[in-house]
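These are the residues of each chain, in order.
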Amino acid sequence: MPENGDGPAAALSLTSSTVDSVTVVRVDGVLDATTREQFADYLSLAGADLILDLAGVTFMDSRALGLIVHHWQTSLASGAKFALIGVEYSKSKVMWITGLAQRLPIYDTLDDALAAIG
């Protein structure tokens with residue numbers, strides 16, 4: 001997949017790699033109304049099996065969370081693999097406020113996520 005949002009002025013940078021046939025998307029920057037379309041477009045190019053690395057997220061709003069939840073639900077319905085890693089409360093409080101942090105498949109590390117969704 002191409003890199004997206006490169007440059008010092010970019011509010012969001014998205015990069016991907018493949019590990020054990022699972023697409024790992026690294027998210028760096030702000031996930032909000034101003035970057036939602038860029039995030040959605042990038043995720044539409046990702047494979048069915050997906051791990052989102054949110055360690056580089058500096059802020060997340062409810063619209064971005066809705067997009068993540070949509071991909072999680074789509075994965076569940078199709079039997080695909082899905083996980084989140086690098087989630088930090090201080091940068092994604094909306095996950096806890098909505099109660100979704102207890103429901104979403106969140107893991108500390110890439111290795112933990114790969115072992116769990118294997």
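Reading the values: the criteria
Residues numbered from 1 in each chain as written. Predicted model: local features only at pLDDT ≥ 70, side-chain atom pairs only at ≥ 80, totals over all residues. Heavy atoms only, no water. Helix = DSSP H or I, 4+ residues; strand = E, 2+ residues; numbered from the N terminus. Contact = heavy atoms within 4.5 Å. Buried < 20%, exposed > 50% of the residue type's maximum accessible area, 1.4 Å probe, protein only. Pairing = 2+ DSSP bridges. Right-handed = clockwise from strand over helix to strand, strands pointing away.

Structural notes on the environment of Met 95
Alright, step 1. Examined against the element boundaries, Met 95 turns out to sit in helix H3 (residues 93–97).
Alright, step 2. Sequence-wise, Met 95 and Asp 61 are 34 residues apart; in three dimensions their C-alpha atoms are separated by 9.0 Å.
Alright, step 3. For Met 95, the residues in contact, after removing those within four places along its chain, are Leu 54, Met 60, Leu 65, Leu 84, Val 87, Leu 100, Ala 101, Leu 104 and Ile 106.

A few points about the pairing of strand E3 (residues 50–60)
Alright, step 1. Across the 11 residues that make up E3, a large majority, eight, are buried.
Alright, step 2. Direction of pairing for strand E2 (residues 22–31) relative to E3: parallel, over a ladder of eight bridges. Residue pairing for E3: Gly 29 is matched across the bridge by Val 57.
Alright, step 3. In this structure, E3 lies alongside strand E4 (residues 82–85), joined through four bridges in parallel fashion. If you follow Ile 51 over to E4, its bridge partner there is Ala 83.
Alright, step 4. Read from E3 through helix H2 (residues 62–78) to E4, the crossover connection turns out right-handed.

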